[in-house]
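Structural overview for review
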Amino acid sequence: MNISVGLTGIGSYVPDKAVTNEDLSRIVDTSNEWIVERTGIRERRIVDYYTSTSDIATKAALRALEDGNTSPEEIDMIIVATVTPDMSFPSTACIVQKSIRAVNAAAFDISVGCSGFVYGLSIGMSFIKAGVCRKVLVIGAETLSKIVDWQDRSTCILFGDGAGACILERCEEGYGILSQDLGSDGNGGNLLTLPAGGSKLPASYETVSNNLHTIKMDGREVFKFAVRVIEKTANDALEKAQLSLKDIDFFVPHQANLRIIQSAMKKLDLKQDKVYVNLDKYGNMSSASIPVALDEAYRKSMIKRGDVVLLVAFGAGLTWGSLVLKWNK
Ligand code: UT7
């Protein structure tokens, strides 16, 4: 029997506090013009000192449960995609499980950089198709402001905080997730890292004084990788769904840089009205970028039932992932 799995609830949350490019130009040597021209970002949202990733993940999860008319006890599994967990362990997913009282759920985190939400959807779908789970809560949540080097102008301008969540379950046959393409290239792992705090470089006076607990990125190389991989993974996912570029009704790309999105639009021959962009407001929220964008587009009625929606993500690892959905809500 061919089981179809789709998104039946979706929600997101971003913190209230906005930090503008002007604000950043007061702490590092940059300007609004440079940031807008090179990235498309105008502002980003930032949590306060006391707010952690699980707090904003919980808010997004509750909104997804409400949207999906689902009670927490019905959730069998919680997957949190994040590179900014509350702590190494317990997992952020277990902390969210407690706060939303999803007492029947198995819970775990995945570390896939900005591709995490797409990987999470794919994992959740597989558990449902295998008959192991009925309802899976997938969350992408980040507080990147906590791991950004606020002295490094090449990275601190890029990132923001936010969370998005969805509920996956069986849906009408032929709808939901039609195909996926996931991949990794560990050879490029050194291009985007948070070097210290793990078993290789445990926290020490040296790691702190050398600022090794913050994001390090070779932006130019990651940019080239992104431009290359988007076209390939999108086409591979479409081929698996036996669809072509002209079948795409809506495109939700990872929100890292407007120039990367524009290059993808050109290569995939997609017009602006089919592409969702919100990085001007939020910057790059890593694993939260796609679910927040998807939630906003859905709530603005830019996606309707039956639309073919393409999600494409890329990020640390290096990793990438695409999903083709036939929107079932
Ligand atoms: O989520 C996945 C991970 N991240 C990404 O996808 C990011 C991918 N990369 C990028 O988006 C871009 O590479 C950046 C936005 C990070 C940088 O843009 P770029 O056009 O690649 O700039 P660049 O790194 O080649 O730097 C050009 C110049 C440099 O000065 P010199 O060496 O030419 O004198 C930088 O020092 O721009 C300088 N620069 C800045 N100037 C003003 C770098 N950051 C800034 C800044 N303000 N914030």
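Further up the page is the structure itself.
Notes on the structure follow. (Residues numbered from 1 in each chain as written. Predicted model: local features only at pLDDT ≥ 70, side-chain atom pairs only at ≥ 80, totals over all residues. Heavy atoms only, no water.)

**Quick look at the packing of helix H8 (residues 219-240) against helix H9 (residues 258-267)**
It is the contact of H8 with H9, at a shortest axis distance of 9 Å, that shows an interaxial angle of 30°. When the axis of H8 is compared with that of H9, the two are roughly parallel. By crossing handedness, the relation of H8 to H9 is classed as right-handed. Every residue of H9 that contacts H8 at Phe223, Ala226, Val227, Ile230 and Glu231 is listed here: Arg259, Ile260, Ser263, Ala264 and Lys267. Along the lines of polarity and charge, the residues of the contact of H8 with H9 split into 6 nonpolar, 1 polar and 3 charged. (Axes fitted to C-alpha atoms, helices over the stretch in contact; angles between N-to-C directions. Helix = DSSP H or I, 4+ residues; strand = E, 2+ residues; numbered from the N terminus. Parallel < 35°, antiparallel > 145°, perpendicular 65-115°, else oblique. Left-handed = near helix turned anticlockwise from the far one by under 90°. Contact = heavy atoms within 4.5 Å. Nonpolar A, V, L, I, M, F, W, Y, C, P; charged D, E, K, R; others polar.)

**Comments concerning the side chain of Thr233**
With respect to the element layout, Thr233 can be found in helix H8. Dropping the residues within four chain positions of it, Thr233 is found in contact with Asp181, Val312, Trp320, Gly321 and Ser322.

**Concerning unusual backbone geometry**
Cis geometry marks the peptide bond from Phe89 to Pro90, where omega comes out at 0°. At Ser286, a residue that is not glycine, the phi angle is positive and equals roughly 50°. Assignment of secondary structure puts Ser286 in the loop between helix H10 (279-282) and helix H11 (289-299). Judged by its relative accessible area of 3%, Ser286 falls in the buried class. At Ser301, a residue that is not glycine, the phi angle is positive and equals roughly 60°. On the secondary structure map, Ser301 appears in the loop between H11 and strand E12 (308-315). (Buried < 20%, exposed > 50% of the residue type's maximum accessible area, 1.4 Å probe, protein only.)

So yeah, pure geometry; function would need other evidence.
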